[in-house]
Amino acid sequence: MHLNINKILLIQIEFEWLMKAEVHAILKKLRELLIECAIRFPVPLYDNEGKRTEKYHLIASQDQLKCSVTLTGDSITQADISYKIKRTSNQIQRTCITSDAPWKLQQVQDAANHLQQAKNHIDNIDENYNFRSAEEVLQIIGELVAALQRGRSSLLIPKKRSIEDLMKGRNMKSLSPNLPEDQAISFFLQCHKLVIAVYQLLNVQGTVKMEATQAECSVGWLNEVLVLFTVALTLCQQLKDKINAFKTDVLS
């Protein structure tokens, strides 16, 4: 019995230290990670310098699709695109994007917004605040994890859109000259890559089918951002595990 009381007291002391000191230390570390992540974004976020300009070349196999791109912030401000038309043997379709009508990569801004939300959750907690319960800390971690997961998913998984939505999309107005009605183009981010996809509708013996051609290239800052998102999520999980372990010890 005496040993059990000592054990409970020891667990209580360790738990109080965790709540008073370690939670704040981990939140501080998380905040530093989020700022490191923000610095790598090519859009104004916290105190980073804002829009960067980068050039990329995307080429599909057998030169079916070629694209040179200038990415400024979260927009494609210049692109030269050429691809082979499927229904003919040698015809090449060409179009371009100019700075007068940039193509917006909404995924970048979405991820930046979720990163900002995560940082706001931490900034709303005073560094001298005394957490009252394990549940209170777990709720904060839950909010942080949700914002970080949304941010990471924005970059990892592009939203699925139908060919009709793509053809009618606002970004298609950025192309000059306009594409024929049976063709569409999409730019999106997937994992650490910038991808261009060309979609063509073909009439094959009375049945309309869609042919897609893709080209991609690696984007350095995207890879770094995704790593930092993952490290931050791991740190959140470690803190959550510690608190749940104390709750289990107390109950046992």
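Now for a quick tour of the structure. (Residues numbered from 1 in each chain as written. Predicted model: local features only at pLDDT ≥ 70, side-chain atom pairs only at ≥ 80, totals over all residues. Heavy atoms only, no water.)

1. Points about the packing of aromatic side chains
Taken as a whole, this structure holds three aromatic pairs when the rule is applied. Aromatic side chains Phe41 and Trp221 sit 5.6 Å apart centroid to centroid with 45 degrees between the ring planes, which places their arrangement in the tilted category. Taken as a pair, Phe41 in the loop between α1 (2-40) and β1 (53-59) and Trp221 in helix α5 (residues 220-251) lie far apart in primary sequence, 180 residues in all. Look at Tyr129 and Phe131: their rings are 5.2 Å apart centre to centre, the planes differ by 90 degrees, and that puts the pair in the edge-to-face class. For Phe131, a relative accessible area of 9% gives the class buried. (Phe/Tyr/Trp six-rings, centres within 6.5 Å; stacked < 30°, edge-to-face > 60°. Helix = DSSP H or I, 4+ residues; strand = E, 2+ residues; numbered from the N terminus. Buried < 20%, exposed > 50% of the residue type's maximum accessible area, 1.4 Å probe, protein only.)

2. What to know about the pattern of salt bridges
Enumeration according to the criterion identifies 11 salt bridges in this entry. Where Asp74 meets Lys104, a salt bridge forms, and the shortest distance between an N and an O atom there is 2.7 Å. Residue Asp74 is located in the loop between β2 (65-72) and β3 (75-84), and its partner Lys104 is located in strand β5 (residues 103-104); the two are separated by 30 residues in the primary sequence. Given a relative accessible area of 5%, Asp74 falls into the buried group. Salt-bridge contacts for Glu216 lead to Lys193; the nearest nitrogen and oxygen are separated by 2.8 Å. Residue Glu216 is located in strand β9 (residues 207-218), and its partner Lys193 is located in strand β8 (residues 193-204); the two are separated by 23 residues in the primary sequence. For Glu216, a relative accessible area of 38% puts it in the partly exposed group. Looking at Lys193, the relative accessible area reads 27%, which means it is partly exposed. (Salt bridge = Lys/Arg side-chain N within 4 Å of Asp/Glu carboxyl O.)

Everything listed here is a matter of coordinates, which is why it stays silent on function.
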